[in-house]
Amino acid sequence: PSGGNKVLLLSIQNPLYPITVDVLYTVCNPVGKVQRIVIFKRNGIQAMVEFESVLCAQKAKAALNGADIYAGCCTLKIEYARPTRLNVIRNDNDSWDYTKPYLGRRDRGKGRQRQAILGEHPSSFRHDGYGSHGPLLPLPSRYRMGSRDTPELVAYPLPQASSSYMHGGNPSGSVVMVSGLHQLKMNCSRVFNLFCLYGNIEKVKFMKTIPGTALVEMGDEYAVERAVTHLNNVKLFGKRLNVCVSKQHSVVPSQIFELEDGTSSYKDFAMSKNNRFTSAGQASKNIIQPPSCVLHYYNVPLCVTEETFTKLCNDHEVLTFIKYKVFDAKPSAKTLSGLLEWECKTDAVEALTALNHYQIRVPNGSNPYTLKLCFSTSSH
C-alpha cells in the first residue's frame, strides 16, 4: 500500500545483531512518536511499527528507509503496512504497546489464577544491555539527511553476546528447519557447505518422516537469523528452499537412516575445522553476503588453474563459471585466491554447495588444501 497509513512494515536485512522492540523503539521514536511494535520472524526479520499519526509514519519512512541500524548491517527496508492498527497482547522482546506499559499484568488480583510457569516479566528488562544506555554511534549520513527531526546521534542498544532470551523466556532458537532440499543431490555435508557462511554449524539431521527436510543446529540465534534472512526462498537444484526458525531447541541424533547418496542422515559438525565463526577474530573476517552470481575462492594451492576449477565443476555435475579471475599473490604466499562468476545466482549457489571444502591434493604434498568459497561483494 502507498501512504496514508500510520503503520510501517520494516524488513531488517543482514541482521548481524538481535533486533528487539527496544532496538526499534530507540531508532524510530526520535523521528515520530511510536505507539506499538510487533516483531515477527517468518520470512527473515520483519516488524510492524505503529506511529501516533500518518504524518509521523511518513517522516519515519523518509528518514529511516535504507539506513543501517548498526554500521554495515541491520539495514532497514521500509514500506507501508496493510493493517491500520496493531493488536499487542503482551509486552515482551517481540511486541510492546507503549500506551499500556503494564500490559500482561493487568489481571493481577482478580480472583484465583493459575500460576505462571516463568513468573512475571522481570522488572530489570530495561537494564540488561538492551536499554537506551548503550554507546552513542554516529548515524549514517543518509539517515541524517532524511529528516531534520532525526538527532545527529542515537543511543543504540549495545548488542549482547548473550541472547535476548535471558529475561526468562524460551531457550534461544538456534535451530533452523530447511525444506525443499533435493533428495538426490543434498546431504549433511552439502547443507553445511551452504549454511556455514552465516554461522557455526553444530549438527545437521535429515528428517525421515518429511523427505527433503533437514534440521540445522547453529551456533546461536544470530546465525539462525542470518541464515533465514539470506537463504529463505533461494533456488537450489531446481527446488526453492524454505528456511525458518524451528521450534526444536536442539538436534537429537534419532531415527538415523541412509540418504539417497549412501551417506548418513545425521552428522555432527561441532568440532569441524571448517566452521568459520569459532573466534571473534575469525568471525570478523567473514563477509556476510546474500547469495550472488560471483563466488570468492581462497586457500587453494599455487598450482591451481582455471582448468582445475572447470574440471571440478564437471566432476561434481554443476554448471561451469563464465569468468575467472586470480588475485595477485605476494611472493611469500603459499595459497591463491580470486573470483569465479556464473551466468546466474542459482548456478553459483549450486556450485558453492557442491564444491565448498573440497580437498585439493597436491603431488608430493603431505596435507590436502581445503577449498574455501563464499559469496562475493563484487557484482561481476
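Residue numbers here run from 1 along each chain, matching the order of that chain's written sequence. Local features in this predicted model are restricted to residues of pLDDT 70 or higher, and side-chain atom pairs are both shown and tallied only at a pLDDT of 80 or more, whereas totals for entire chains, interfaces and linings draw on every residue. The side-chain values count all of the structure's non-hydrogen atoms but skip hydrogen atoms and water molecules.

In the annotation of an unreviewed UniProt entry, the protein chain is listed under the name Heteroproteinous nuclear ribonucleoprotein L-like protein and assigned to Mustela putorius furo.

Participant: Just to check I follow, could you spell out the overall build of the protein chain for this structure?
Facilitator: Strands are runs of DSSP state E lasting at least two residues, helices are runs of H or I lasting at least four, and both sets are numbered from the N terminus onward. A tally of regular secondary structure across the protein chain gives eight helices and 21 strands. With 380 residues in all, the protein chain has 47% of them scored as buried. The contacts in the protein chain between residues at least 6 apart in sequence include a share of 69% that link residues at least 24 apart. Areas reported as accessible are Shrake-Rupley estimates using a 1.4 Å probe. Residue values count occlusion only from the protein chains shown. Carbon and sulfur atoms form 50% of the exposed surface of the protein chain, whose accessible area is close to 19,500 Å². Each residue's exposure class comes from its accessible area (1.4 Å probe, protein chains only) as a fraction of the maximum for that residue type: buried when under 20%, exposed when over 50%, partly exposed otherwise. Note on definitions: a residue-residue contact is assigned when non-hydrogen atoms from the two residues lie within 4.5 Å.

Participant: Would you mind going over helix α1 (residues 21-28) with me for this structure?
Facilitator: Residues lying three or four places apart along an α-helix face the same way, a consequence of the helix completing one turn every 3.6 residues. With respect to burial, α1 is a largely interior element, seven of its eight residues being buried. Among the residues making up α1, those that are buried are V21, D22, V23, L24, T26, V27 and C28.

Participant: Would you mind showing me how to read the sheet that holds strand β21 (residues 372-375) here?
Facilitator: Two modes of strand pairing occur in sheets, parallel and antiparallel, and in both the strands are linked by backbone hydrogen bonds. The pairing criterion is simple: DSSP has to find at least two bridges between the two strands. Strand order in the open sheet formed by four strands is β17-β18-β16-β21, with antiparallel pairing between adjacent strands. In this open sheet, the two edge strands, each paired with only one partner strand, are β17 (323-326) and β21. Averaged over all adjacent pairs, the angle separating strand axes in this sheet is 20 degrees, with direction ignored. Across six bridges, the pairing between strand β16 (residues 294-301) and strand β18 (residues 335-341) is antiparallel. Among the inter-strand pairings, V300 is bridged to a residue of β18, identified as L336. Axis definition: a line fitted to C-alpha atoms, over the contacting stretch in the case of helices. Angles run 0 to 180 degrees between N-to-C directions.

Participant: What is the right way to look at the confidence of the model for the protein chain in this model?
Facilitator: Low pLDDT marks stretches whose predicted atomic positions should not be read closely. Each residue carries a pLDDT score, the predictor's confidence in it, ranging from 0 to 100. Taken over all residues, the pLDDT of the protein chain has a mean of 81, while the share at 70 or more is 81%. For the protein chain, helix α3 (residues 141-146) is the element with the lowest average pLDDT, namely 38, and helix α4 (residues 188-195) is the one with the highest, namely 97. Every residue in residues 105-171 scores below 50 in pLDDT, and together they form 114 contacts with partners more than four places removed in sequence or on other chains.

Participant: Whenever I open this one, the packing of α4 against helix α8 (residues 345-355) confuses me. Can you help?
Facilitator: Pairs of packed helices are described in terms of their axes, by the angle between the two and the distance that separates them. The geometry of α4 relative to α8 is characterised by a closest axis approach of 7 Å and an angle of 120 degrees between their N-to-C directions. Taken together, the axis directions place α4 and α8 in an arrangement best described as oblique. You can see that α4 and α8 cross each other, and the crossing is right-handed. Facing R190, N193 and L194 of α4, the residues of α8 in contact are V349, L352, T353 and A354. Residues are grouped as follows: Ala, Val, Leu, Ile, Met, Phe, Trp, Tyr, Cys and Pro are nonpolar; Asp, Glu, Lys and Arg are charged; all remaining types, including Gly, are polar. Residues belonging to the contact of α4 with α8 are distributed by class as follows: four nonpolar, two polar and one charged. Oblique is the label for any angle not under 35 degrees, not over 145, and not in the 65 to 115 range, which are roughly parallel, roughly antiparallel and roughly perpendicular in turn. By the definition used in this description, the sense in which the near helix is turned from the far one sets the handedness, with an anticlockwise turn below a right angle giving left-handed and a clockwise turn giving right-handed.

Participant: Is there a simple way to think about the pattern of salt bridges in this case?
Facilitator: Should their charged atoms come close, side chains of opposite charge can pair. A carboxyl oxygen of Asp or Glu within 4 Å of a side-chain nitrogen of Lys or Arg is what we treat as a salt bridge. Taken as a whole, this structure holds five salt bridges when the rule is applied. A salt bridge links K6 to E50; the nearest nitrogen and oxygen atoms lie 3.6 Å apart. Of this pair, K6 sits in the segment before β1 (7-13) while E50 sits in strand β3 (residues 45-51), and the two are 44 residues apart along the sequence. With relative accessibility at 24%, the residue K6 sits in the partly exposed group. The exposure class assigned to E50 is buried, which follows from its relative accessible area of 1%. Two residues, E50 and R36, come together in a salt bridge whose shortest N-O distance is 2.8 Å. Note that E50 is positioned in strand β3 and R36 in strand β2 (residues 34-40), a separation of 14 residues in sequence. An identical accessibility class is assigned to E50 and R36; each is buried.

Participant: Whenever I open this one, the sheet that holds strand β15 (residues 266-268) confuses me. Can you help?
Facilitator: Read from one edge of the open sheet, five strands run β14-β9-β11-β10-β15, paired in antiparallel fashion. On the outer flanks of this sheet lie β14 (242-245) and β15, each paired with one strand and no other. Ignoring which end each strand starts from, the neighbouring axes of this sheet average 15 degrees apart. For strand β9 (residues 175-179) and strand β11 (residues 213-218), the ladder comprises five bridges, and the chain directions are antiparallel. Bridge pairing in β11 links S179 to T213.

Participant: Explanation requested: the packing of aromatic side chains in the structure shown.
Facilitator: Between two aromatic rings, the relevant description is the distance of the centres plus the angle of the planes. Ring geometry is summarised as follows: Phe, Tyr and Trp rings, the Trp one being its six-membered ring, pair when their centres sit within 6.5 Å, and such pairs are stacked at plane angles under 30 degrees, edge-to-face over 60 and tilted between the two. Inspection of the entire model under this criterion finds eight aromatic pairs. Geometrically, the ring pair formed by Y297 and Y324 is stacked, given 6.1 Å between the ring centres and 10 degrees between the ring planes. With Y297 in strand β16 and Y324 in strand β17, this pair connects stretches of sequence that are 27 residues apart. The exposure class of Y297 is buried, given its relative accessible area of 1%. Through a chain of ring-to-ring contacts, three or more aromatic side chains come together here, namely Y297, F309, F321, Y324 and W342.

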